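So you can see what is in the structure, the chains are spelled out below.
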Amino acid sequence: QPPERGAGDAAGDPEEWLDVLGNGLLKKKTLVPGQGVDSRPQKGQDVTIRLKATLEDGTVVEEDPALTFTLGDCDVLQALDLCVQLLEMGETALIVSEAKYCYGAQGRSPDIPPNASLTLEVELLAARDAPDLELLSGKEKIQLANRKRERGNFFYQQADYVLAINSYDIALRIVGSSSKVDFSPDEEAELLDVKVKCLNNLAASQLKLDHFKAALKSCNLVLEHQPGNIKALFRKGKVLAQQGEYREAIPILKAALKLEPSNKTIHAELSKLVKKHADQRNVETEMYRKMLGNPSTASTPRKCKDKLPWSIPWKWLFGATAIALGGVALSVVIAARN
């Protein structure tokens, strides 16, 4: 991509700036050339850079002589993840990024204010293939998975739920990868703990994006390992409630409340669902009433009355019966004579 004219900077001529995304929010300029295009790192590789980050007023907010991360995994600021793949080995570059690709509207307390642009001075020091997951020790696998999970937590706090899901998925892939190394029982237990945390956080992120089917699956995976996991029960109840399945959601929230009776959040959610369920039943009852034409009166049997529809005195009825019987007897006698 040819360089485009952008906002000027004291570090060089505006013509030298490369508009990385074409929107003017992320720009890169080479200060010291590298070893050529063929030396650029590839996604999935572990890269090591020297980093210096400053605010617009020149305040240094971060310095790291050897920051290592997996390129393309969103382990670091998006500005770095996007630009380092454009660096040649040994190249030093200046990156100017708007807050969107750094710490966003939340900033980073206490040194980076909200919506702060950053200038990043970066030198690419090394690039190597990521380690084989099958050969990682239990401790190494736990550390790597936790690092991805913590990155997901960062994105969740930034309300970037798509990137949070990406990080949690990577962590789960690490935990679930096959291994040629034997783990101790404690390491197995710790890996399961990391998995459960990632699945719970994944469900929370999916719920934020209204991905109800995926969130329900994540909750069920947690409950397969830990049937009494309160967070999974609570989120499963919320997912079902969002889908209007109040009858299924209420007993699940009751189970969560039984495990933690003092939890006010579960109390509030359960009370809200009970009311919604009652309202839903009332609406259904009214709908059936309209469909059937006031079933409350139609289904009520009429009371029996002592009198027949015709107001006939009992003595008349008795007399008519006697006459009829007499006629039958007379007919029998005549037939016998004949």
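Residues numbered from 1 in each chain as written. Predicted model: local features only at pLDDT ≥ 70, side-chain atom pairs only at ≥ 80, totals over all residues. Heavy atoms only, no water.

- By the naming in an unreviewed UniProt entry, the protein chain goes by peptidylprolyl isomerase and is assigned to Urocynchramus pylzowi.
- Per UniProt, the protein chain has the following entry under Catalytic activity (unreviewed entry): "[protein]-peptidylproline (omega=180) = [protein]-peptidylproline (omega=0)". (UniProt positions renumbered as here; feature names shortened; annotations may be inferred.)

### What about the pairing of strand 4 (residues 60-70)?
In step 1: In this structure, strand 3 (residues 45-54) lies alongside strand 4, joined through eight bridges in antiparallel fashion. By the bridge assignment, Thr-48 is partnered in strand 4 with Thr-68.
In step 2: The turn joining strand 3 and strand 4, which pair antiparallel and follow one another in sequence, is formed by five residues; a positive phi near 95° is taken by Gly-58. (Pairing = 2+ DSSP bridges. Helix = DSSP H or I, 4+ residues; strand = E, 2+ residues; numbered from the N terminus.)

### Examining the UniProt feature "repeat: TPR" (unreviewed entry) in the protein chain
In step 1: In the numbering used here, UniProt assigns the feature "repeat: TPR" (unreviewed entry) to residues 230-263.
In step 2: As annotated, residues 230-263 has a helix share of 79% and a strand share of 0%, and its two end C-alpha atoms lie 10 Å apart.

### As for the pattern of salt bridges
In step 1: Under the defined criterion, the tally for this structure stands at ten salt bridges.
In step 2: Between Lys-28 and Glu-91 there is a salt bridge whose closest N-O contact spans 3.0 Å. In this pair, Lys-28 sits in strand 2 (residues 26-32) while Glu-91 sits in the loop between helix 1 (78-83) and strand 5 (92-97), placing the two residues 63 residues apart along the sequence.
In step 3: Residue Glu-62 is joined to Arg-108 by a salt bridge in which the shortest nitrogen-to-oxygen separation is 3.3 Å. Of this pair, Glu-62 sits in strand 4 while Arg-108 sits in the loop between strand 5 and strand 6 (118-129); the two residues are 46 residues apart in sequence, bridging distant segments of the chain.
In step 4: According to the relative accessible area criterion, Glu-62 is partly exposed, its value standing at 24%.
In step 5: If you follow the salt bridges from partner to partner, you end up with Arg-50, Glu-121 and Glu-123 in one network. (Salt bridge = Lys/Arg side-chain N within 4 Å of Asp/Glu carboxyl O. Buried < 20%, exposed > 50% of the residue type's maximum accessible area, 1.4 Å probe, protein only.)

### Quick look at the layout of surface pockets
In this approach a probe as big as a water molecule rolls over the atoms, and the regions it shows empty are the leftover space.
In step 1: In this structure, the largest pocket occupies an estimated 460 Å³ of space.
In step 2: As for the largest pocket, its lining consists of 23 residues, and the residues nearest its centre are Asp-46, Thr-70, Leu-144, Arg-147 and Lys-148.
In step 3: Broken down by secondary-structure element, the contributors of at least two residues to the lining of the largest pocket are strand 4, helix 2 (138-157) and helix 3 (161-176).
In step 4: If one sorts the elements of the lining of the largest pocket by residue count, helix 2 sits on top with seven residues.
In step 5: For the lining of the largest pocket, the residue count by class is nine nonpolar, four polar and ten charged.
In step 6: Within this model, the second largest pocket holds a volume of roughly 250 Å³.
In step 7: Around the second largest pocket, the lining residues are Tyr-156, Ala-204, Leu-207, Lys-208, Ile-230, Lys-231, Phe-234, Arg-235, Lys-238, Asn-263, Thr-265 and Ile-266.
In step 8: Every element with two or more residues in the lining of the second largest pocket is listed here: helix 4 (185-208), helix 6 (230-242) and helix 8 (264-292).
In step 9: For the lining of the second largest pocket, the leading source of residues is helix 6, giving five residues. (1 Å grid on protein atoms, 1.4 Å probe; cavity = no way out; pocket = protein on both sides within 12 Å on 5 of 7 lines; lining within 4 Å. Points joined across faces, edges and corners; volume = space filled by probe spheres on them. Nonpolar A, V, L, I, M, F, W, Y, C, P; charged D, E, K, R; others polar.)

### Digging into the sheet that holds strand 6
In step 1: Strand order in the open sheet formed by six strands is 1-2-5-6-3-4, with antiparallel pairing between adjacent strands. The open sheet is flanked by strand 1 (18-19) and strand 4, the only strands paired with a single partner.
In step 2: Bridge analysis of strand 1 against strand 2 gives two bridges, and the strand direction is antiparallel. Looking across to strand 2, one finds that Asp-19 is bridged to Lys-27.

### Considering the environment of Leu-240
In step 1: Within the element layout of this structure, Leu-240 appears in helix 6.
In step 2: Given the relative accessible area of 10%, Leu-240 is considered buried.
In step 3: Each C-alpha atom, one on Leu-240 and one on Leu-216, is 8.0 Å from the other, the two residues being 24 residues apart in sequence.
In step 4: Leaving out residues up to four positions away in the same chain, Leu-240 has contacts with Leu-216, Glu-245, Glu-248, Ala-249 and Ile-252. (Contact = heavy atoms within 4.5 Å.)

### Description of the packing of aromatic side chains
In step 1: Applying the stated rule across the entire model yields three aromatic pairs.
In step 2: On the numbers, 6.0 Å between centres and 90° between planes, the contact of Tyr-103 with Phe-154 is edge-to-face. Taken together, the residues Tyr-103 in the loop between strand 5 and strand 6 and Phe-154 in helix 2 connect sequence positions 51 residues apart. An identical accessibility class is assigned to Tyr-103 and Phe-154; each is buried.
In step 3: Note on Phe-154 and Phe-155: the rings are 5.4 Å apart at their centroids and 65° apart in plane angle, and the pair reads as edge-to-face.
In step 4: Owing to a relative accessible area of 5%, Phe-155 belongs among the buried residues under this scheme.
In step 5: Following the ring pairs from residue to residue traces out a cluster consisting of Tyr-103, Phe-154 and Phe-155. (Phe/Tyr/Trp six-rings, centres within 6.5 Å; stacked < 30°, edge-to-face > 60°.)

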